[in-house]
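Descriptive structure summary
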Amino acid sequence: MYKVLARKYRPQNFDDFVGQGTIVNTLKRAIEKNKTAYAYIFAGPRGSGKTSMARVFAKALNCEKGPTTNPCNKCEICNEITAGTSLDVIEIDGASNRGIEEIRALRENVNLRPSKARYKIYVIDEVHMLTTEAFNALLKTLEEPPEYVKFIFATTAPEKIPPTIISRCQRFDFKPLTLKEIEKKISEISKKENFKIEKGAISVINEFANGSLRDVLSIVDQLIVFSEGKITIEDVRKLLGIVDEKGIDEILKSIVSKNINQAISSLHKLISEGKDPVLIIEGIIKRLRDILVFKIEDGEKGEIFSYFDKMTTDEILQASSLSIEFKEKLRRETQPILLTEILIFKLVSLIGKETQKEDNLTIFDIVNEEKNKKIDEKEQEKEDKEKKEIDETRDREKTDDIIGNWHIVLKKIKEKSRILEAAIREGKPERFEDGILSISFEENFEFHKKRVDENRKTIEKIISKISGKEVKIETFLKKNSKKSILDDEEVKKIITEFNGQVIERED
Ligand SMILES: [Zn+2]
């Protein structure tokens, strides 16, 4: 049976850890000198090895041949800890149930001696999620712990743990792994597992996984299935939907030459390849930054950069801040493609626009002005936001729940009926207002829409259950969605504002 890499290569001994050298050494020394603390906090980002370290430490303390810095991984106790079945090493997930039941059981059982191991070790994962009640119960235990009890609290958010708990613990801060550490580990694993991977590919994966070894390994798992022979950078980009520079440059080139049609069609090409609009805009921002740095440093001109000579520094700055603004918008809105199209319209309008600025403005003046503008806008926004927020919060949260958790809705519907799920999957949840969720279907999916309409009651029941309040649905057919951007009020405004001209779309 295939075992996922993250599980197969989970550290079973102190020397298996990549990175975290200081923590390993301190723990080893404490074991050697028989000076272990009775409570630890393992703080750090996900995938940095906190719970693996907790298990290895538990084995080191409880191994039949221990306490030892090198647990045997063969004795009954070691094996039970590895399998997660030890009665004396109790793992509690603070995130599920927020720990109320578990902490109550802990309070009742903490005074019973370990069943066969040396220590009774409680590992509480995501401990910051515990309720105040659970923390209080925990605190009582921490004040007078029996000598055979140890606590290990793992957390990604140590700042949320009450200081009264923290002060009773020895704290270790786990760091995200460096690229070098990840590369070393992957190269070891690739030799054992017999696969090849391009060196640059690991760096792309790591950027995506933010230094979480677990996430890197799960991506590599998928790549092994996905790639033929050697895993290449291109494979990684395809799998993760990362956009390469070439695609971005095509869009930017069309923007610079003010060819809206071409720019939009380059965008659609990327989207049809499955690229995420957020990642496309991220790519644009990254590229604009490259161009800006290049302009300031006046470096050697590559073909692509000389193309952007037409853009003034001011334009690049404006284009960047606009793109950043849209990236943020995109995270909140439900029409990512339309918004990305609007951004491209705006960027095209921006280029070659007569600027009122003096030629002798330095880049610093421009940056400052941008900053001040931003601050003014922010002040205004803040006020508006505060007013709205109070009465909207609840509704908005629920809205986010339904549309943002659409995959959960689909999953639940699938459990009920696969055919129904196949139909509703072609629809897109557009908005949620006054308890009504609107779902759109493209024109050629009328059949699917009909099926959804026929099963409206069933779907409403499922969604209401998930969102915890009564939800009705309505469905509608989208008229040719590509045309709609030109009818969009914001786009109309931009076009008028800049005396722009809409070029007829070819398709
Ligand atoms: Zn052992």
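Reference entry: report on the structure contained in this document. Computed from a prediction, not measured in an experiment: that's the story for all the values here.

Regarding the overall build of the protein chain
Across its full length, the protein chain holds 24 helices and ten strands. Here the protein chain holds 507 residues, and the buried ones make up 44% of them. Counting contacts in the protein chain only where the partners sit at least 6 residues apart, residues at least 24 apart contribute 71% of the total. In the structure as shown, the protein chain presents an accessible area of about 28900 Å², 49% of it carried by carbon and sulfur atoms.

Overview of the pairing of strand β4 (residues 149–155)
Counting buried positions along β4 gives seven out of seven residues, so the element sits mostly inside the fold. A two-sided burial pattern is seen for β4, the buried positions comprising Val-149, Phe-151, Phe-153 and Thr-155 on one face and Lys-150, Ile-152 and Ala-154 on the other. Here five bridges tie strand β1 (residues 39–43) to β4, and the two strands are oriented parallel to one another. Its bridge partner lying in β4, Ala-43 is registered against Thr-155. With five bridges joining them, strand β3 (residues 120–125) and β4 adopt parallel strand pairing. Of the residues in β4, the one forming a bridge with Ile-124 is Phe-153. Tracing the backbone out of β3, into helix α6 (residues 132–143) and back to the parallel element β4 gives a crossover that is right-handed.

Points about helix α14 (residues 277–297)
In this model α14 runs 30 Å from its N-terminal to its C-terminal C-alpha over 21 residues, within 8% of the 30 Å that 1.5 Å per residue would give. Listing the buried residues of α14 in full gives Pro-277, Val-278, Ile-280, Ile-281, Gly-283, Ile-284, Ile-285, Arg-287, Leu-288, Ile-291, Leu-292 and Phe-294.

A few points about the environment of Leu-142
With respect to the helices and strands, the residue Leu-142 is situated in helix α6. Leu-142 has contacts with Tyr-38, Ala-39, Phe-151, Phe-153, Ile-165 and Arg-168, leaving out every residue within four places of it along the chain.

A short note on the side chain of Asp-215
In this structure, Asp-215 sits in helix α10 (residues 213–226). Polar side-chain contacts of Asp-215 include one of 2.7 Å to the side chain of Arg-46. With residues near it in sequence (within four places) discarded, Asp-215 still touches Arg-46 and Ala-209.

Topic: the sheet that holds strand β9 (residues 436–442)
Read across the open sheet, the three strands follow the order β8-β9-β10; overall the sheet is mixed. Taken across any chain shown, the strands that pair with only one partner, and hence form the sheet edges, are β8 (428–433) and β10 (472–478). Within this sheet the neighbouring strands show an average axis-to-axis angle of 25 degrees, counted without direction. The strands touched by helix α22 (residues 456–467) are β9 and β10; relative to β10, the strand with the most contacts, the crossing angle is about 120 degrees.

Details of the packing of helix α2 (residues 21–32) against helix α3 (residues 50–62)
Close contact between α2 and α3 brings their axes to 11 Å; oriented N to C, the two are set at 20 degrees. As judged from the angle between their axes, α2 and α3 are roughly parallel. Here α2 and α3 pass one another in a crossing that is right-handed. Of α3, the residues touching α2 (which contributes Ile-23, Val-24, Leu-27 and Ile-31) are Met-53, Phe-57 and Ala-60.

A short note on the coordination of the zinc ion
Every protein donor of the zinc ion is accounted for by Cys-63 (SG), Cys-72 (SG), Cys-75 (SG) and Cys-78 (SG), and the metal-donor separations fall at 2.3 Å. Binding-site remark: the zinc ion is held by donors from one chain whose sequence spacing is C-x8-C-x2-C-x2-C.

Description of unusual backbone geometry
The peptide bond linking Gly-66 to Pro-67 adopts the cis configuration, its omega dihedral lying at -5 degrees. Topologically, Pro-67 is positioned in the loop between α3 and α4 (76–83). In this structure, Asn-194 takes a positive phi of about 65 degrees despite not being glycine. Position of Asn-194 among the secondary structure elements: in the loop between α8 (179–193) and β6 (196–197). Judged by relative accessible area, which is 71%, Asn-194 ranks as exposed. One non-glycine residue, Asp-434, lies in positive phi territory at about 50 degrees. Structurally, the position occupied by Asp-434 is in the loop between β8 and β9.

Calculation criteria
- Residues numbered from 1 in each chain as written.
- Predicted model: local features only at pLDDT ≥ 70, side-chain atom pairs only at ≥ 80, totals over all residues.
- Heavy atoms only, no water.
- Helix = DSSP H or I, 4+ residues; strand = E, 2+ residues; numbered from the N terminus.
- Buried < 20%, exposed > 50% of the residue type's maximum accessible area, 1.4 Å probe, protein only.
- Contact = heavy atoms within 4.5 Å.
- Areas by Shrake-Rupley, 256 points an atom, 1.4 Å probe, with all protein chains shown as cover.
- Pairing = 2+ DSSP bridges.
- Right-handed = clockwise from strand over helix to strand, strands pointing away.
- Expected span 1.5 Å × (residues − 1).
- Polar contact = N/O pair within 3.5 Å; in protein donor to acceptor, adjacent residues only side chain to side chain.
- Axes fitted to C-alpha atoms, helices over the stretch in contact; angles between N-to-C directions.
- Parallel < 35°, antiparallel > 145°, perpendicular 65-115°, else oblique.
- Left-handed = near helix turned anticlockwise from the far one by under 90°.
- Donors = N, O, S within 2.8 Å, 3.2 Å for Na, K, Ca; no water.

This is a description of form; function is not addressed.
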